[in-house]
Every structure is written in C-alpha cells, then in structure tokens.
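Structural characterization, general
This is what each chain is made of:
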Amino acid sequence: MSRLLDFLSNTKTIVACFILLIAIGTSFSFAPHLVGGALLDVQMNAADASSRLAEMSGAQKTNHIWITLLLDSLYPLAYGGFLAGLAARFAKPWRRISVVPAFVTIIADFIENAVQLVALTGSAHVLYFKNFITPIKFGGFMLATILALLLLIVAVIKWAQTKRQE
C-alpha cells in the first residue's frame, strides 16, 4: 500500500491525473448529444435511471455503452487518483485513512458502470443497485473532494507561514 500511496502522492502523478480529469471531463460534454439526453450516471436512483433508459433508442444505448467503456472507465481513475494523491501527499501521518473516500468512490463508480452496462444490454432490472451504489459514489466523491481541499488549504497555510519566517 505504501508504494501505491508514494506513487499517487508524486507531483507528476497528481498533475497527470488532474490533466486527465479535465480532458475526460470535457469529453463528457459531447455525451448528451450522443445518447439523447443525460447519461445514466447522473440518475440518482433506479426509477430515474429506468425512465432515462426507456427513452433511449438502440443507437443511443450503443453510444452510451461506448462512452461508459471508454470515458467512464478512465474517469474514476483520473479523479480518484487526483483526490487520493492530494490526500496521500498532504495527510502524511493519516494517509492510509485519508485515501479511503477516494478509493471507495473509484470502486463504487466501477460497480455503477458495470450495472449500467448490464442494463444497457437488456437487463434493466439491475438498475435497482443504483439506489445504493450511486449515492455511495457521489457521497464518497464529495467527502474525498472536501478532504483534499481542506488538506490543500492547510498545506498552503503552513507553506506561507514557513515562507514568512524565512
């Protein structure tokens, strides 16, 4: 685990993850046009996701599958790596605990992707799992983001204090 945290907390890794998250996030702006509306990812529960799925044509479902496989399989690694990297870098004594929200978010996003892929290929009943996994994903993301921002703010304050004393 220490080797992974050392890798994630490296400046080059954090910057690369940030660039990837911006690039992939920007790519998602084309998705609504390709799937005829919002992606299933932003539907917070099974009922909304089922309604959205029913609105899609076969071609839109195929587009959604490719978006999920190509973009949304990389996106959790990009944003998760960025948030975990910041936490691992700035929460040195507690870094193993501080990365947990980001790791939970990555795992939840991958599970959600799998559920949506199964639903998009004809088994819509699995969308039931969105009732649990999507709130975990978004809750974990919010917690990881808040934690990373707080740790970054504390690090900047400490850096500024050190500079002032020099």
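Note: the structure precedes this text.
Residues numbered from 1 in each chain as written. Predicted model: local features only at pLDDT ≥ 70, side-chain atom pairs only at ≥ 80, totals over all residues. Heavy atoms only, no water.

Quick notes on the overall build of the protein
Check the secondary structure of the protein and you find nine helices and zero strands. Summarising its shape, the C-alpha atoms of the protein cover approximately 65 × 25 × 25 Å along the three principal directions. Scored against the burial criterion, the 166 residues of the protein give a buried share of 39%. By sequence separation, contacts in the protein at least 24 residues apart represent 76% of the contacts at least 6 residues apart. A total of about 9300 Å² of accessible surface is found on the protein, and carbon and sulfur atoms cover 72% of it. Here the protein carries 13 positive and 8 negative side-chain charges, and the mean point of each set is 13 Å from the other. (Helix = DSSP H or I, 4+ residues; strand = E, 2+ residues; numbered from the N terminus. Buried < 20%, exposed > 50% of the residue type's maximum accessible area, 1.4 Å probe, protein only. Contact = heavy atoms within 4.5 Å. Areas by Shrake-Rupley, 256 points an atom, 1.4 Å probe, with all protein chains shown as cover. Lys, Arg positive; Asp, Glu negative; His and termini not counted. Charge placed at Lys NZ, Arg CZ, Asp CG, Glu CD.)

Let's talk about helix α9 (residues 130–165)
Because an α-helix completes one turn every 3.6 residues, residues spaced three or four positions apart along the sequence face the same direction. For α9, spanning 36 residues, the distance from its first C-alpha to its last is 52 Å, which sits close to the expected 52 Å at 1.5 Å a residue. Residues of α9 that are buried: K130, I133, T134, K137, G140, A144, A148 and L151. Turning to α9, the residues buried within the fold contact α4 (46–55), α6 (75–90) and α8 (100–120). (Expected span 1.5 Å × (residues − 1).)

Side note on α6
Helix length check: α6 (16 residues) gives 23 Å between terminal C-alpha atoms against 22 Å at 1.5 Å per residue, within 8%. Most of α6 is tucked away, with 12 of its 16 residues classed as buried. When α6 is considered as a whole, its buried residues turn out to be P76, A78, Y79, G80, G81, F82, L83, A84, G85, L86, A87 and A88.

Some points on the nonpolar core
With 26 residues, the main nonpolar core has F28, L39, I67, F82, L83 and V99 as its most contacted residues. With eight residues, the top contributor of residues to this core is α6. Among all residues touching I67, those that are not within four sequence positions of it are F28, A31, L34, V35, L39 and D72. Among the nonpolar cores identified, the runner-up in size contains 10 residues, and L53, M56, L120 and L127 belong to it. (Core = buried A, V, L, I, M, F, W, Y, C linked by side-chain atoms within 4.5 Å.)

Quick word on the environment of L40
For L40, the location among the structural elements is in the loop between α3 (31–35) and α4. Distance from L40 to N113, taken between C-alpha atoms, is 9.2 Å for residues 73 residues apart in sequence. In this structure L40 touches A49, R52, L53, M56, H64, Q116, L120 and K130, once residues within four positions along its chain are discounted.

Overview of the packing of helix α2 (residues 11–27) against α6
In the contact formed by α2 and α6, the axes pass within 8 Å of each other and the chain directions differ by 145°. Regarding α2 and α6, the two cross each other, and that crossing is left-handed. Here T11, I14, C17, F18, L20, L21, I24 and G25 of α2 come into contact with α6, specifically with Y75, L77, A78, Y79, G81, F82, G85, L86 and R89. (Axes fitted to C-alpha atoms, helices over the stretch in contact; angles between N-to-C directions. Left-handed = near helix turned anticlockwise from the far one by under 90°.)

Examining the side chain of E112
Along the chain, the position of E112 falls in helix α8. Residue classification places E112 among the buried residues on the basis of a relative accessible area of 0%.

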